[in-house]
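Structural overview for review
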Amino acid sequence: MSTFSALQMLRHERWGQTPQTHLPDSSAAPALIERVGIATLYPASPEVPNLYHAYVGDPTAKTEAKWDSPSGEVYGWRWSLGRQGVAFYTTLVCRRSTWVSWKLFPAVLRLCAETRDPQELYDTGKLTREAYRITQALEEAGGTLSTAELRKAASFPTGKTTRAAYLKALEELELCLIVAKYFQVGNDDTYHTLIASHYQQYVESAQRLSREAAMEDVLLTYLPQAVYALPTVLARHLRVPEPELRAALDRLCKNGQAAAVSLPEQKGQCYLWQEEKIQALAAGA
């Protein structure tokens, strides 16, 4: 077994992607999300853990478009976990459903959220008219509306064409972390909320963080569980600047918390968490 394969195997174990470490059901998902910090619902990036592979215990398992399958089971976790409020739900990684632990939420906001006012973004052409209408409707309603209420308030009547425009505008706002989906206990509806108003305490915590501190918070949670980091792919999939990510990884190396190595299977430097077991694998011991 190559060094990189051994490191991958340890990563799969820590991400719950083996028969021995997999999630037995949704009740075990909150602990995994808390441990890894950021996890997608379904496979989205090889550099970010996901709940589907953790449920089936196999990092190579394919998803199926069937309700009576593991894919269908995990699909329902969006609501069951969301109603429990176990983590922040968004579309962070590769525009796919993503859970962010409350512990890392301020850091992710600091690194990825648009902090300018929607009015300013619209006036400068950074926000489409359709997306701005959604923010206005939410502001006038106090910050939160159900899907049906929001479509009506933002002038997106029922119909295929207007639904497509609504979803596109909503994605625009979710990607820059202005608006998020929100689930309520005992309610089957999906709600949408302005992050600045609904999650004010986390926004204020994010404002107190420097970008360097926020990046360090993310990596100190991510790297021990991921075992290694491939900065080019990780930066692209987390939507953070690669030079900023590399600088943070280099600071961890300087502090003795990580080590930069070259592996034949990977192009460029790979950063390993500085742990005895990981270093032994890297040394081929």
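Preceding this section is the structure that the text describes.
First, a word on scope: everything that follows refers to the structure included in this document. (Residues numbered from 1 in each chain as written. Predicted model: local features only at pLDDT ≥ 70, side-chain atom pairs only at ≥ 80, totals over all residues. Heavy atoms only, no water.)

1. A closer look at the environment of W77
Relative to the assigned elements, W77 resides in helix 5 (residues 77-84). Overall, W77 belongs to the buried group, its relative accessible area being 2%. In sequence terms W77 and S26 are 51 residues apart; their C-alpha atoms lie 6.6 Å from each other. Excluding residues within four positions of it along the chain, W77 makes contact with L23, D25, S26, A29, L41, L51, Y55, G82 and W99. A distance of 3.3 Å separates the side chain of W77 from the backbone oxygen of E73, its partner in a polar contact. (Helix = DSSP H or I, 4+ residues; strand = E, 2+ residues; numbered from the N terminus. Buried < 20%, exposed > 50% of the residue type's maximum accessible area, 1.4 Å probe, protein only. Contact = heavy atoms within 4.5 Å. Polar contact = N/O pair within 3.5 Å; in protein donor to acceptor, adjacent residues only side chain to side chain.)

2. Here's the deal with helix 6 (residues 105-112)
Most of helix 6 is tucked away: seven of the eight residues are buried. Listing the buried residues of helix 6 in full gives F105, P106, A107, V108, L109, L111 and C112.

3. With respect to the pattern of salt bridges
Scanning the model with the defined rule gives eight salt bridges in all. Its salt-bridge partner being R11, residue E47 comes within 3.0 Å of it at the nearest N-O pair. With E47 in the loop between strand 1 (38-40) and helix 3 (51-56) and R11 in helix 1 (residues 3-14), this residue pair connects regions lying 36 residues apart in the sequence. Each member of the pair, E47 together with R11, is buried. Note that E64 is salt-bridged to K66, the shortest N-O span being 3.8 Å. For K66, a relative accessible area of 49% puts it in the partly exposed group. (Salt bridge = Lys/Arg side-chain N within 4 Å of Asp/Glu carboxyl O.)

4. Some remarks on the sheet that holds strand 9 (residues 269-273)
Taken together, the three strands give an open sheet; going across it, the order is 7-9-8, and neighbouring strands pair in antiparallel fashion. The outermost strands of the open sheet, each flanked by one partner alone, are strand 7 (228-229) and strand 8 (258-262). One ladder, built from two bridges, connects strand 7 with strand 9; its direction is antiparallel. Bridge pairing in strand 9 links A229 to Y271. (Pairing = 2+ DSSP bridges.)

5. Observations regarding the side chain of R151
If you trace the backbone, R151 turns up in helix 9 (residues 147-153). One buried charged side chain, R151, makes no salt bridge at all; its nearest oppositely charged neighbour is D189, positioned 12 Å away. At 2.8 Å, the side chain of R151 forms a polar contact with the backbone oxygen of P157. A polar contact is formed between the side chain of R151 and the side chain of T162, at a distance of 3.4 Å. Setting aside chain neighbours within four positions, we find R151 in contact with F156, P157, T158, G159, T162, R163 and Y166. (Lys, Arg positive; Asp, Glu negative; His and termini not counted.)

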